[in-house]
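Tertiary structure, described
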Amino acid sequence: RRTGTTPAVVKAYSPLEFERCHGVPRAFVSRAELRIPRVLAHSASEAVVVLEWLEGRVLADAFLDPAFEVKHLATVGRALAHLHEQRVDGLEVMTNTRLGDIVRSEADLLATICPALARRARAVADPLAVRLEEQPPVYHPLHGDFHARQVLLGEGPIGILDFDGAVAGEPLLDLGTFAAHLEFQVVRHQLAQRRVEPVTDALLDGYQGATDTKIAPGRLAAITATGIL
């Protein structure tokens, strides 16, 4: 919607969601190659937040352009690194134990929806959950639902949108979620399989170039599998 002459985004929540989400965009700040939409106004009584409108091209749409260059993903990776290095207090914590519980519950849900897949779902989920739980805890501020529809490309910094799922956890959760969404786009015939690896590699190269974090391929694979499940 437009407020006067200023374009803006209006988000409406349930009262409970508003309490959890409304302050999160203020906790993250724009810096270097990262741009976060500013909170322009909010109403606790109406459970509404008004956010700055960011101009740009949605990354998921850019993928559809045959002329799209994967080098842009290196900039996206650096922007994500700038997000992860910020100091943000008060976020919900995504522990490895909680992550393992989520994997098991997703398998149980799949078994309920499609009983024929129950055995296979649990055969995947149980060892995957154990593998996730075995890792030492690492906590950074995360986007929490990072994928190509949450990213805006433009002439300036990379825009990252929608922090409703923000948590504190290990950085690979955002990277693995992004990779899992790419695989989902392949399944839905929205992205060619041959483009997944170059896109992911460029994202990781940009990310690792902007942070001291060294990404273990096996750990990233486990978290990507979690996202796919």
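Refer to the structure above for everything that follows.
Residues numbered from 1 in each chain as written. Predicted model: local features only at pLDDT ≥ 70, side-chain atom pairs only at ≥ 80, totals over all residues. Heavy atoms only, no water.

Observations concerning the packing of aromatic side chains
The test is simple: Centres within 6.5 Å are what make two rings of Phe, Tyr or Trp a pair, Trp counting through its six-membered ring; a difference in plane orientation under 30 degrees is then read as stacked, over 60 as edge-to-face, and the rest as tilted. To qualify as a helix, a DSSP run of H or I must reach at least 4 residues; to qualify as a strand, a run of E must reach at least 2; elements of each kind are numbered from the N terminus.
Under the defined criterion, the tally for this structure stands at three aromatic pairs. Measuring from ring centre to ring centre gives 4.8 Å for F28 and F163, while their planes differ by 35°; the resulting arrangement is tilted. One end of the pair, F28, is in the loop between α2 (24–27) and β3 (34–35); the other, F163, is in the loop between β9 (158–160) and β10 (167–169), and 135 residues separate them in sequence. Ring centres of F63 and F68 lie 5.5 Å apart, and the angle between their planes is 85°; on these two criteria the pair is classed as edge-to-face.

Quick look at the packing of helix α5 (residues 96–113) against helix α6 (residues 118–133)
What counts here: Here an axis means a line fitted to C-alpha atoms, over the contact stretch when the element is a helix, while the angle between two N-to-C directions is reported on a 0 to 180 degree scale. Angles below 35 degrees are treated as roughly parallel, those above 145 as roughly antiparallel, those between 65 and 115 as roughly perpendicular, and all remaining angles as oblique. Should any heavy atoms of two residues lie within 4.5 Å, those residues are considered in contact. Amino acid classes used here: Ala, Val, Leu, Ile, Met, Phe, Trp, Tyr, Cys and Pro are nonpolar; Asp, Glu, Lys and Arg are charged; the rest, including Gly, are polar.
Interhelical geometry of α5 versus α6 gives an angle of 180° and a closest axis separation of 8 Å. Here α6 runs roughly antiparallel to α5, going by the angle between their axes. In this structure, α5 uses N96, T97, L99, G100, D101, V103, R104, A107, D108, L110 and A111 to contact α6, whose residues at the interface are A118, A121, R122, A125, D126, L128, A129, V130, L132 and E133. When its residues are assigned to classes, the contact of α5 with α6 shows twelve nonpolar, three polar and six charged.

Some remarks on empty space enclosed by the protein
Using the following cut-off: In this analysis a 1.4 Å probe is tested at points of a 1 Å grid over the protein atoms alone, and where it fits but cannot get out there is a cavity; an open set with protein on both sides within 12 Å along at least five of seven lines is a pocket; lining residues have an atom within 4 Å of a point. Grid points are joined across faces, edges and corners, and a volume is the space filled by probe spheres set on the points.
A full pass over the atoms with the stated rule returns two cavities of 30 Å³ or more. Empty space within the largest cavity amounts to approximately 60 Å³. Every residue along the wall of the largest cavity is listed here: K11, Y13, P25, P37, L51, D162, F163 and D164. Here the lining of the largest cavity is composed, by residue class, of five nonpolar, no polar and three charged. Here the second largest cavity is characterised by a volume of approximately 50 Å³.

A short note on the sheet that holds strand β6 (residues 57–58)
We apply this condition: By definition, two strands form a pair when at least two bridges between them are found by DSSP.
Strands sit in the order β3-β9-β8-β6 across an open sheet of four strands; the sheet is mixed. The sheet terminates laterally at β3 and β6, the two strands that pair on one side only. By the bridge criterion, two bridges tie strand β8 (residues 151–153) to β9 in an arrangement that is antiparallel. Residue pairing across strands places V151 opposite I160, the latter belonging to β9.

As for the pattern of salt bridges
How we decide: The term salt bridge refers to a side-chain nitrogen of Lys or Arg lying within 4 Å of a carboxyl oxygen of Asp or Glu. Exposure classes here rest on a 1.4 Å probe applied to the protein chains alone. A residue is buried below 20% of its type maximum, exposed above 50%, and partly exposed in between.
A complete count under the given rule lists 14 salt bridges for this structure. Of the charged contacts, one joins E92 and R98 as a salt bridge, the two residues approaching to 3.7 Å between their closest N and O atoms. The exposure class assigned to E92 is partly exposed, which follows from its relative accessible area of 36%. The exposure class of R98 is partly exposed, given its relative accessible area of 32%. Look at the salt bridges and you will find they share partners, linking K11, D162 and D164 into a network.

Thoughts on unusual backbone geometry
Apart from glycine, the bulk of residues carry a negative phi angle, and the bulk of peptide bonds sit in the trans form. A positive phi angle, near 45°, is found at A32, a position not held by glycine. In this structure, A32 sits in the loop between α2 and β3. Here A32 falls in the exposed class, since its relative accessible area comes to 60%. One non-glycine residue, A47, adopts positive backbone phi at about 55°. Following the sequence through the fold, A47 ends up in the loop between β4 (39–43) and β5 (48–52).

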